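# Inside the fold
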Amino acid sequence: MALDEVGSAAAEGGVLDPHGPVARVAEDLWWLMFWLGLAVFVLFAVLLALGLWRRRGDDVPRDDEEARLTRWWLVGGGVVLPIVGISVVFAATLAGMRDTPTEASAAADGALEIELVGHQFWYEVRYPEAGVVTANELHMPVGRPVVFRLTSRDVIHSFWVPALGGKMDLIPERENVLVLQADVPGRHVARCGEFCGLSHAHMELVVVAESDADFETWLSGIGETGAPTGDEAARGEEVFASADCIRCHGPAYGVPDDGQELAGPDLTAMARRASLGAGVLENTWDNAAAFIRDPAEFKPGVDMPANDLSDEDLAALLVYLGYDR
């Protein structure tokens, strides 16, 4: 089952249903442009209808008064009206930019910092203050500005949560900064908006806005997640190492060193995430097993190779990763 059926169905808000101050600024601008555009369209339609109704034959000469009136309409409708419309939108945009929080203003308000790194084809999410690293699922507290530091490890990706604010690109060797805030709890789905390869359409990020208490509980839970115990989990840990999973994903439990670059997503608390493969599958035992065996079947172009594991080794690996049968 794809995230379109799981996560997107539960997504809340949108461009015209804002859940934060930045999105409300964008909504106000959208409605302004809509009503201005509608007014211009109605005016044009009325004038066109009048012109067609009053149309004369081509062989009938026009008098000077009608020619002068025609020139005034051309100047007014072709020059003055566009300048007025653009000026109104420009002034409203400047006012909106003034009301949009910046990195400096967010820092003064005690903002949370989140580092978001784009990969083909998944999102790495880092909470530097807490030393927590996760992937494809982002949690943020309600009523508190969040400074997102955006970059990419390969090609250009993007980050856009329509209910919270505008889109910004994740660019290699560059850090873009976006400040957002959620005013109400909600669940959103962000999709990459820049074509980044074969699985561009299969690159999604679940964004959960929740109360401070719920956020702190989630964050501390991720940070304290430990490996399951038992013989089967121990066997799974051996499989994790022998199958070279650790080379791309780093340790399955515990945060990698800050300088360590991961080729694949961090797997801490993987079994607790909403989806697999950045949105391609619902996160269940059977789907996880199928994805590990042949990830390219669900995510074309993915770098993760197929894994020819025995049923026993695969089951042990899933137990080690925290899945329940």
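The residue numbering used here restarts from 1 in each chain and proceeds along that chain's sequence as written. In keeping with the model being predicted, local features are shown solely for residues with a pLDDT of at least 70 and side-chain atom pairs are shown and tallied solely at 80 or more, while totals for entire chains, interfaces and linings include all residues. No hydrogens and no water enter the side-chain calculation; it runs on all heavy atoms of the structure.

### Quick word on the environment of Ile246
Cut-off, in case you're wondering: Each helix is a run of DSSP H or I of at least 4 residues and each strand a run of E of at least 2, with the numbering of both proceeding from the N terminus. Only protein chains enter the accessibility calculation, which uses a 1.4 Å probe. A residue is then buried if its area is under 20% of the maximum for its type, exposed if over 50%, and partly exposed in between. Only heavy atoms matter for contacts: two residues are in contact if any of them lie within 4.5 Å across the pair.
By the element assignment, Ile246 lies in helix α7 (residues 245-249). The class for Ile246 is partly exposed, based on a relative accessible area of 41%. Those residues in contact with Ile246 that sit more than four places away from it in its chain are Phe240, Ala241 and Pro251.

### Here we look at the side chain of His200
Relative to the assigned elements, His200 resides in the loop between β9 (186-191) and β10 (204-210). The contacts of His200, once residues within four sequence positions are left out, are Phe121, Cys192, Gly193, Glu194 and Phe195.

### Re the pairing of strand β2 (residues 122-127)
Heads up, the condition is: Two strands are counted as paired when DSSP detects at least two bridges linking them.
Among the six residues of β2, six are classified as buried, and the element is accordingly described as predominantly covered. Every second residue of β2 is oriented toward a common face, with Trp122, Glu124 and Arg126 on one face and Tyr123, Val125 and Tyr127 on the other, all of them buried. From the end of strand β1 (residues 112-119) to the start of β2, which pair antiparallel, there are two residues. Sheet topology note: the β2/strand β3 (residues 132-135) ladder contains four bridges and is antiparallel. Each bridged residue has a counterpart across the sheet, and for Val125 the counterpart in β3 is Thr134. Where β2 folds back on β3, the antiparallel hairpin that results is connected by four residues, among which Gly131 adopts a positive phi of roughly 70 degrees.

### Examining the sheet that holds strand β5 (residues 146-152)
Each strand in a sheet pairs with another by means of backbone hydrogen bonds, the pair being arranged parallel or else antiparallel. This is how the line gets drawn: Axes here refer to lines fitted to C-alpha atoms; in helices the fit is confined to the stretch in contact. Angles between the N-to-C directions go from 0 to 180 degrees.
Taking strand neighbours across the sheet as the criterion, the five strands line up as β3-β2-β1-β5-β8 in an open arrangement whose pairing is mixed. In the strand order of this sheet, the two ends are held by β3 and β8 (176-180), each with one partner. Neighbouring strand axes in the sheet, compared pairwise and without regard to direction, differ in orientation by 25 degrees on average. Strand direction decides the pairing type here: β1 and β2, joined by five bridges, are antiparallel. Looking across to β2, one finds that His119 is bridged to Trp122.

### Concerning the pattern of salt bridges
In plain terms, the rule: When a carboxyl oxygen of Asp or Glu lies within 4 Å of a side-chain nitrogen of Lys or Arg, that pair is called a salt bridge.
Applying the stated rule across the entire model yields eleven salt bridges. The partner of Arg149 in a salt bridge is Glu113, with the nearest N and O atoms 3.1 Å apart. With Arg149 in strand β5 and Glu113 in strand β1, this pair connects stretches of sequence that are 36 residues apart. Assessed through its relative accessible area of 27%, Glu113 is described here as partly exposed.

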